[in-house]
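# Architecture at a glance
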Amino acid sequence: QVQLVESGGGLAQPGGSLGLSCAASGSILRTDFMSWYRQGPDQQRELVAQITDGGVTNYAVSVKGRFTISRDNNKNTVYLQMNDLKPEDTAVYYCRADILSLRRDFSTYWGQGTQVTVSS
């Protein structure tokens, strides 16, 4: 079994910063793409940022230059550093990982979601 556990998030003022982390655990042979998605009120879930196992990153236009995704392959953990936060960044943030298990099953796993609220 594979689990993704998120931590971080909370409340920040506009212009402030928050950090998220997501650790994958269980019967993991290899972790490929790791990503952060978010879903705001009455909105569809959207990709925020993703990173390959080699460290190549991709960002949504709305967060480019403000958010930074990184990962620690030894810990199967992905991070999202969010700076210069805006009210429109308010959403539930989910991590996603594409993982090859020890049983050679390749599947996509999601974290439980963590709330980020940006408000003065």
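Scroll up a little and you will see the structure.
Residues numbered from 1 in each chain as written. Predicted model: local features only at pLDDT ≥ 70, side-chain atom pairs only at ≥ 80, totals over all residues. Heavy atoms only, no water.

### Notes on the pairing of strand S7 (residues 67–72)
- By the alternation rule, side chains of S7 split into Phe67, Ile69 and Arg71, which are all buried, and Thr68, Ser70 and Asp72, of which none is buried.
- Bridging between S7 and strand S8 (residues 77–82) involves six bridges; their strand directions are antiparallel. When the sheet's bridge partners are listed, Ser70 is paired in S8 with Tyr79.
- Between S7 and S8, which pair antiparallel and follow one another directly, the connecting turn spans four residues, one of which, Asn76, has a positive phi of 50 degrees. (Buried < 20%, exposed > 50% of the residue type's maximum accessible area, 1.4 Å probe, protein only. Helix = DSSP H or I, 4+ residues; strand = E, 2+ residues; numbered from the N terminus. Pairing = 2+ DSSP bridges.)

### Notes on the nonpolar core
- One finds Trp36, Leu80, Met82 and Tyr93 to be the most contacted residues of the largest nonpolar core, which totals 29 residues.
- For this core, the secondary structure elements donating two or more residues are strand S1 (2–8), strand S3 (18–26), strand S4 (28–39), strand S5 (46–51), S7, S8, strand S9 (91–101) and strand S11 (114–118).
- Ranked by residue count, the leading element in this core is S9, at five residues.
- Excluding its chain neighbours within four sequence positions, the residues that come into contact with Met82 are Gly16, Ser17, Leu18, Leu20, Arg66, Phe67, Tyr93 and Val116. (Core = buried A, V, L, I, M, F, W, Y, C linked by side-chain atoms within 4.5 Å. Contact = heavy atoms within 4.5 Å.)

### Topic: the pairing of strand S10 (residues 106–110)
- Of the pairings in the sheet, the one linking S9 to S10 comprises five bridges and is antiparallel in character. Following the sheet pairing, Ile99 is matched in S10 by Ser107.
- Taking the residues between adjacent antiparallel strands as the criterion, S9 and S10 are bridged by four residues, where Arg104 takes a positive phi near 70 degrees.

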